[in-house]
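Listed below are the residues making up each chain.
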Amino acid sequence: MDFDALAARSVIVGIQGLAPTADELELIGRGVGGVVLFRRNVESPEQVAELSRTLKAAAKAPLLVSIDQEGGRVQRLRAPYWTELPSMRRVGEIDAAGGVSGMNGVAIAEQLGRLVAQELSACGVDYDYAPVLDVDTNPDNPVIADRSFGRDPARVARLGIAFAKGLEAGSVASCAKHFPGHGDTSQDSHKVLPRLAHDRERLWQVELVPFVAAARANLASVMTAHVRFEAFDRLPATLSPLALQLLRRDVGFQGACISDDLEMKAIADTYGVVDGAELAISAGCDAVLVCHTLPLQHQAIDGIARGARAGPLPRERLAEAASRMEKLQRFARPASSIRPETAARACAAAEHGAFLETLALAKGNAERPRDPTEWRVA
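This one's a predicted model, so the numbers in the text were calculated from it and none came from an experiment.

> Please provide a residue-by-residue account of the sheet that holds strand E3 (residues 64-67), values included.
Reading across the sheet, the eight strands line up as E6-E3-E2-E1-E12-E11-E9-E7 and stay open at both edges, with parallel pairing between neighbours. The open sheet has two edge strands with one neighbour each: strand E6 (127-128) and strand E7 (176-179).

Structural data, given as C-alpha cells:
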C-alpha cells in the first residue's frame, strides 16, 4: 500500500498567486486530490482557465480544481467577467413569495446552479463548494446568515438540492455544507471553535433535514463544520467519529466527505493543522482542505501517511477515503479539454444577465455588504 500516494489524494490545497510557483507544482506532483482557488488566484476567465490547465497538466492523476461560488457574499468570480448571483437568502425569499415570472424557487435555484456550472466549466473548474445547507436559525450568526436559503429546514433542503442538481447537471461537483449544521452558531469558526448544545432530537428536526435530502439525492460531496456539538461529543464535527458516523450510518450519505479549511482558527488554534488532518481522516473525512500555507500542506500529507503507516490511523480508513476521492474525481476534466481562448464567451453571458434581471423583480433584493475577509471564507 502506497501510504504517501493515498495520503496526498486526501488533501486539497490552495496556491498563492495567479500562476503556480515551482514549489507549488512540486506539491501538485505529489498527487494531491485537488486545488482550491481564491480571489487571490483570479484575474480573468482566460487566466483562470490557463491556471486550471497548468495545474491539471502537472498532476499525475485526475485533479479537481475547486472554488467557493455560492452567490451573494461568497463568490470568488465576480463582475465584469463573471455573472454575480444573488444571495441564497433572496432565492429563499422569492420561493416564499411564490416565485417570479412563472418560475418557482426550485426552478430558479436549479437554473442558478446550471448557470454557475457553465461558467466554472469554461474556466476548467470542476468542483463548487456549494450549496450552503445550513438553516439560518440564529439572527446573530456572523458567518452563515444570508448564505443560507432561510429559516425553514424544508425550504433549505428543497432549494439547496435544486441548486446542487443544477451544478451536477452541468458536470460540476456540488458540496453540501456545513455538516451537521453551522446555522445556529453565534461565533465564526474562522476565528474560534463554536459550540452548540443541541441534542440529537433538535438536530433531526432542524439541522439534519437538508443533509438527509442531500443523501437521498446522491449529491457528490458534503463538507463538515468546525463546530462542537457538546450534547454528543467534545470534538468538533470535523474531527468527530460520532459526527461522521451520524453522517454515514444515520443520515445515509454515501458521497465524499470534505473538511472545511483546517487553517481556520477553530482547528489551527486548538488541535493544529497537521494533527487535525490525521484526526479528520481517521474520524471519517475523505479529504481535508489546507488552503494557505505550503509547509503545512506538505506536513499534512506526511502526517496522514505516517499515521497510516505506524498508527493510529487505520489503513483501511485511508484506503476508503482515497477510494471515495477517486469517485469524486470523475468530475475532474482533463487539461486537454480546457480552452482558455473561449472561456470568456461562456462567462457573464447576456442570457445569464437577463435571467438575473428577472429575479431582481422579486422583493427582498437587499444584499449585505461584502465580507472584507471573504477570501478566507469557506
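From this point, the discussion proceeds with the structure in view.
> Tell me about the packing of aromatic side chains, and name the residues and values.
Per the counting criterion, the structure on display carries four aromatic pairs. With centroids separated by 5.3 Å and ring planes inclined at 90 degrees, the aromatic side chains of Phe 179 and Phe 211 adopt a geometry described as edge-to-face. On the criterion of sequence distance, the pair formed by Phe 179 in strand E7 and Phe 211 in helix H8 (residues 209-216) is long-range, its members being 32 residues apart. What makes Phe 179 buried here is its relative accessible area of 1%. A cation sits over an aromatic face here: Arg 200 above Phe 232, 4.9 Å from the ring centre.

> Help me get a handle on helix H3 (residues 45-58), residues and values and all.
End to end, H3 covers 20 Å across 14 residues, agreeing with the expected 20 Å (1.5 Å per residue, within 8%). Pro 45, Gln 47, Val 48, Ala 49, Leu 51, Ser 52, Leu 55 and Lys 56 are the residues of H3 that are buried. In the core, the buried residues of H3 are packed alongside helix H2 (22-29), strand E2 (34-37), E3, helix H5 (105-122) and helix H14 (340-346).

> Break down the packing of helix H11 (residues 273-283) against helix H12 (residues 294-310) for me, with residues and values.
Where H11 contacts H12, the two axes come as close as 8 Å, and the packing angle between them is 45 degrees. Classified by the angle their axes make, H11 and H12 are oblique. As H11 packs across H12, the resulting crossing turns out to be right-handed. Two secondary-structure elements touch here, H11 through Val 273, Val 274, Ala 277, Glu 278 and Ile 281 and H12 through Leu 296, Gln 299, Ala 300, Gly 303, Ile 304 and Gly 307. Its residues placed into classes, the contact of H11 with H12 shows seven nonpolar, three polar and one charged.

> Quick rundown of the side chain of Asn 138? Include the residues and the values.
Within the secondary structure, Asn 138 sits in the loop between E6 and helix H6 (153-169). The exposure class assigned to Asn 138 is buried, which follows from its relative accessible area of 14%. There is a polar contact of 3.2 Å between the side chain of Asn 138 and the backbone oxygen of Thr 185. Not counting residues within four places of it along the chain, the set of residues in contact with Asn 138 comprises Gly 183, Asp 184, Thr 185 and Ser 186.

Cut-offs used in this document
- Residues numbered from 1 in each chain as written.
- Predicted model: local features only at pLDDT ≥ 70, side-chain atom pairs only at ≥ 80, totals over all residues.
- Heavy atoms only, no water.
- Pairing = 2+ DSSP bridges.
- Helix = DSSP H or I, 4+ residues; strand = E, 2+ residues; numbered from the N terminus.
- Phe/Tyr/Trp six-rings, centres within 6.5 Å; stacked < 30°, edge-to-face > 60°.
- Buried < 20%, exposed > 50% of the residue type's maximum accessible area, 1.4 Å probe, protein only.
- Lys NZ or Arg CZ within 6 Å of the ring centre and 35° of its normal.
- Expected span 1.5 Å × (residues − 1).
- Contact = heavy atoms within 4.5 Å.
- Axes fitted to C-alpha atoms, helices over the stretch in contact; angles between N-to-C directions.
- Parallel < 35°, antiparallel > 145°, perpendicular 65-115°, else oblique.
- Left-handed = near helix turned anticlockwise from the far one by under 90°.
- Nonpolar A, V, L, I, M, F, W, Y, C, P; charged D, E, K, R; others polar.
- Polar contact = N/O pair within 3.5 Å; in protein donor to acceptor, adjacent residues only side chain to side chain.

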